[in-house]
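Spelled out, the chains give:
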2 protein chains.
Amino acid sequence: MRGPSRHGAATLDDVARRAEVSAMTVSNALNHPARLSPETLARVRDAIEELGYRPNRSARTLRSQTSRLVGVRVERSRQDRAALLLDQFLHALAESASSLGYHLILCHAAGDSAELAAYQELRQTTAVDAFVLTGAHRDDARMAWLREQGVTFASFGRSWDADPDGPGAFSWVDVDGAAGIRAAVEHLATQGHTEIGFVGWPEDSELGRDRLRGWQEACTALGLPARVRAHVVDEFDAGRDVAHRLLDAPRGGPVPTALVCVSDTLALGVLRTLSERGLRAGPDVAVTGFDNSPSAALTTPGLTSIDQPLADVAAELVRILDAELSGVAATAASPAQTLLPPRLVVRDSSLSR
Amino acid sequence: MRGPSRHGAATLDDVARRAEVSAMTVSNALNHPARLSPETLARVRDAIEELGYRPNRSARTLRSQTSRLVGVRVERSRQDRAALLLDQFLHALAESASSLGYHLILCHAAGDSAELAAYQELRQTTAVDAFVLTGAHRDDARMAWLREQGVTFASFGRSWDADPDGPGAFSWVDVDGAAGIRAAVEHLATQGHTEIGFVGWPEDSELGRDRLRGWQEACTALGLPARVRAHVVDEFDAGRDVAHRLLDAPRGGPVPTALVCVSDTLALGVLRTLSERGLRAGPDVAVTGFDNSPSAALTTPGLTSIDQPLADVAAELVRILDAELSGVAATAASPAQTLLPPRLVVRDSSLSR
């Protein structure tokens, strides 16, 4: 049996010869161990150990040999629902990544520029192959920087740039929030509501404007007025306050019998206010949320909400990255962009009886 | 200037010489770039690039050069609260790790043996330095395996072995669940309750038995009967059902006026049942949960619950690993074991008026 090659450093081929398998099998042992029989896997691992073979994950020059590490930023811990949704997404992403032999590496950063510094460090010290970004916004410097560096990435969240298909276009997967809100409005109309109000985020939120558009479009299509609306920060107490305000019908305006909320946090605040006013959620005032957070199912009455298919988002993101890293698709030249439909989950809070 | 050393592979010393800095500075450039001036960092990075230096993250023999990667397993995504608590913990852990220059690497595995296979793969392909384990249980094979391999690890969750300080002892950080439940019982006693029931998990759960003990101890200390109890799976509907059953007072037994629940999921199910029976949570039947999940604050009425200090748990775990990896402490010889106190968060569900 031949010993290791020149320079004393064992190569993948050395391992293959020692284990009497193909180089592809050694590669699978490293990247997709589940694809091998336990016996073959043990033989390859023994050979790796005997030869002291070290898979070279920092060799950026060897593009064919990838580290199979995908970096994701986590933000400062918060107790709010949006943060929890991202935690759940992270979990789904780790699961999807694993199924294609990738591992997720988390870097913590506060703000976009800290995020880029963290990416740079990760690439230099750990040879991360690709990144998944969240929270895309207009004129997002992160995408431009990653493009410039030739780094593979994809975003959970579409581009909000003026020309999303222009030269700065990137790969993303997103959930069609406007469609979700339209489904909520249509459901409330079937329950007999004709004055359906909207509780949204401040109008500088691109995500919030998209959902607002869903409410306006659905009301218009149904021939209903789209006139009762409010824009507040995404906090429980803001939901409580705005519900009091809208139900008090400022300046003698119309009183809504249903409120479509842009988040579960705001909707749960509205439910608290209904309880305080002695009103029943559903029969007296119908309420819907967004995210289908665990709270929506567990609160009483149950909160009708819009479910984001996080597992599908994660699987599609990993598929995009894998295609580019495998050389199957050049996403920089032709970005993959997928808008997934959400699903309305009806519970008692929106049922007239 | 000298060229690279023998075998053609540049070493850290080669980089230091080329950049005219110390080896420690090169190490810092790799592991703590923020500690260097941008100018020095650029010089080191140029030298790394010119020499094609590849930080050798798979060299297990060079204990001094660590990868600064910490592995954590994630389980299959679930929608329940316990899973969400772990997602929140993961987030806190990523944040704590980052503050000491570590990155978290997530591996997905279903079951303990798949977890060990994933650890082995991670160590062979990515040179992970240490692991954080969750969900420790009696006769946990993972700890023994990691000990045997000489791998640094710590557990969120104490050892449940018969002799936790014996030769198999390991480092852990946990939250004192029994103390949390005692605090809930004491609070309910101050609200005037004398028949305080317990809604627990099946008795084969070590965590559940610990919390049961807290209820028994507190009732005994207060001179109250500890006689109304039930053990059910951790599901919302199980909480609904058990509440009906306990309030119907089987066999003419005592009817509890307060229910201490082992989880928020069960407590939220109990709240649904109270609403169905036309009873007010708080004035009619007091209810407490465990975890202080976002739902506890956002449901109506708010659910009194027991908050786990996840950020503190994460910080302590990272501190333990860092001490061992830095050679400051040999945790295998003298395990670090920390039981953190939880905090009772009182809301309307347990207030008599």
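Residues numbered from 1 in each chain as written. Chains lettered and ligands numbered in written order. Predicted model: local features only at pLDDT ≥ 70, side-chain atom pairs only at ≥ 80, totals over all residues. Heavy atoms only, no water.

- The name given to chain A in an unreviewed UniProt entry is Transcriptional regulator, LacI family, and the organism recorded there is Nocardioides scoriae.

## Let's talk about the sheet that holds strand β7 (residues 229–231) of chain A
Residue and element names in this part refer to chain A.
Then comes step 1: The strand order across the open sheet formed by 4 strands is β7-β6-β8-β9, and the pairing between neighbours is parallel. Both edges of this open sheet fall to β7 and β9 (286–288), since each of them pairs with a single strand only. Across the sheet, the mean angle from the axis of one strand to that of its neighbour is 15 degrees, orientation sign disregarded.
Then comes step 2: In the packing of helix α8 (residues 206–222) onto the sheet, contacts are made with β6 (196–200) and β7, and the angle to β6 comes to roughly 175 degrees. (Pairing = 2+ DSSP bridges. Helix = DSSP H or I, 4+ residues; strand = E, 2+ residues; numbered from the N terminus. Axes fitted to C-alpha atoms, helices over the stretch in contact; angles between N-to-C directions. Contact = heavy atoms within 4.5 Å.)

## What to know about the packing of helix α5 (residues 112–126) of chain A against helix α6 (residues 141–149) of chain A
All names here are of chain A.
Then comes step 1: As a packed pair, α5 and α6 sit with axes 10 Å apart at the nearest point and diverge in direction by 25 degrees. Judged on the interaxial angle alone, α6 and α5 are roughly parallel. Crossing geometry of α5 relative to α6 is assigned as right-handed. Here α5 contributes D112, E115, L116, Y119, Q120 and R123 to the contact with α6, which in turn contributes A141, R142, W145, L146 and Q149. (Parallel < 35°, antiparallel > 145°, perpendicular 65-115°, else oblique. Left-handed = near helix turned anticlockwise from the far one by under 90°.)

## Overview of the sheet that holds strand β5 (residues 172–175) of chain B
Then comes step 1: Pairing is mixed in the open sheet, where 12 strands are placed in the order β11(A)-β5(A)-β4(A)-β3(A)-β1(A)-β2(A)-β2(B)-β1(B)-β3(B)-β4(B)-β5(B)-β11(B). Each edge of the open sheet is held by one strand with a lone partner, namely β11 (337–340) of chain A together with β11 (337–340) of chain B. Put simply, the sheet's adjacent strands are angled 20 degrees from each other on average, direction ignored.
Then comes step 2: As paired elements, strand β3 (residues 130–134) of chain A and strand β4 (residues 152–156) of chain A share 5 bridges and run parallel to each other. Following the sheet pairing, A:F131 is matched in β4(A) by A:F153.
Then comes step 3: Contacting β1 (69–74), β3 (130–134), β4 (152–156), β5 and β11 of chain B, helix α12 (residues 310–325) of chain B crosses the sheet at an angle of about 165 degrees to β4(B).

## Comments concerning the packing of aromatic side chains
Then comes step 1: Under the defined criterion, the tally for this structure stands at 8 aromatic pairs over all chains.
Then comes step 2: For the ring pair B:Y119 and B:F131, a centre distance of 4.0 Å and an interplane angle of 25 degrees mean the geometry is stacked. Taken together, the residues B:Y119 in helix α5 (residues 112–126) and B:F131 in strand β3 connect sequence positions 12 residues apart.
Then comes step 3: Taking the relative accessible area as the measure of exposure, B:Y119 reaches 0% and is therefore buried.
Then comes step 4: A centroid spacing of 5.4 Å and a plane angle of 25 degrees characterise the contact between B:F198 and B:W215, whose relative ring orientation is stacked. Residue B:F198 is found in strand β6 (residues 196–200), and its partner B:W215 is found in helix α8 (residues 206–222); the two are separated by 17 residues along the sequence.
Then comes step 5: Over the ring of A:Y102 we find A:R68, and its NZ or CZ is 4.2 Å from the ring centre. (Phe/Tyr/Trp six-rings, centres within 6.5 Å; stacked < 30°, edge-to-face > 60°. Buried < 20%, exposed > 50% of the residue type's maximum accessible area, 1.4 Å probe, protein only. Lys NZ or Arg CZ within 6 Å of the ring centre and 35° of its normal.)

## Considerations on the pattern of salt bridges
Then comes step 1: Per the stated rule, a full pass over the model turns up 46 salt bridges over all chains.
Then comes step 2: For the salt bridge of A:R213 with A:D210, the shortest nitrogen-to-oxygen distance reads 2.6 Å. Taken as a pair, A:R213 and A:D210 lie in helix α8 at a separation of 3 residues, close to a single helical turn.
Then comes step 3: Exposure remark for A:R213: the relative accessible area of 35% places this residue in the partly exposed category.
Then comes step 4: Residue classification places A:D210 among the buried residues on the basis of a relative accessible area of 5%.
Then comes step 5: Between B:R227 and B:E195 there is a salt bridge, and its shortest N-O distance comes to 2.6 Å. Of this pair, B:R227 sits in the loop between α8 and β7 (229–231) while B:E195 sits in the loop between α7 (177–190) and β6; the two residues are 32 residues apart in sequence, bridging distant segments of the chain.
Then comes step 6: B:E195 gets classed as buried once you look at its relative accessible area, which sits at 9%. (Salt bridge = Lys/Arg side-chain N within 4 Å of Asp/Glu carboxyl O.)

## What about α8(B)?
Then comes step 1: Between the first and last C-alpha of α8(B) there are 25 Å, a value that for 17 residues agrees with the 24 Å anticipated at 1.5 Å per step.
Then comes step 2: Turning to α8(B), its buried residues number three or more, namely B:E206, B:G208, B:D210, B:R211, B:L212, B:G214, B:W215, B:A218 and B:C219. (Expected span 1.5 Å × (residues − 1).)

## Points about unusual backbone geometry
Residues and elements named next belong to chain A.
Then comes step 1: Note the cis peptide between T300 and P301, where omega equals -5 degrees.
Then comes step 2: As for its placement among the helices and strands, P301 is situated in the loop between α11 (294–298) and β10 (305–307).
Then comes step 3: Positive phi, normally seen in glycine, also occurs at D139, with a value near 55 degrees.
Then comes step 4: For D139, a relative accessible area of 64% gives the class exposed.

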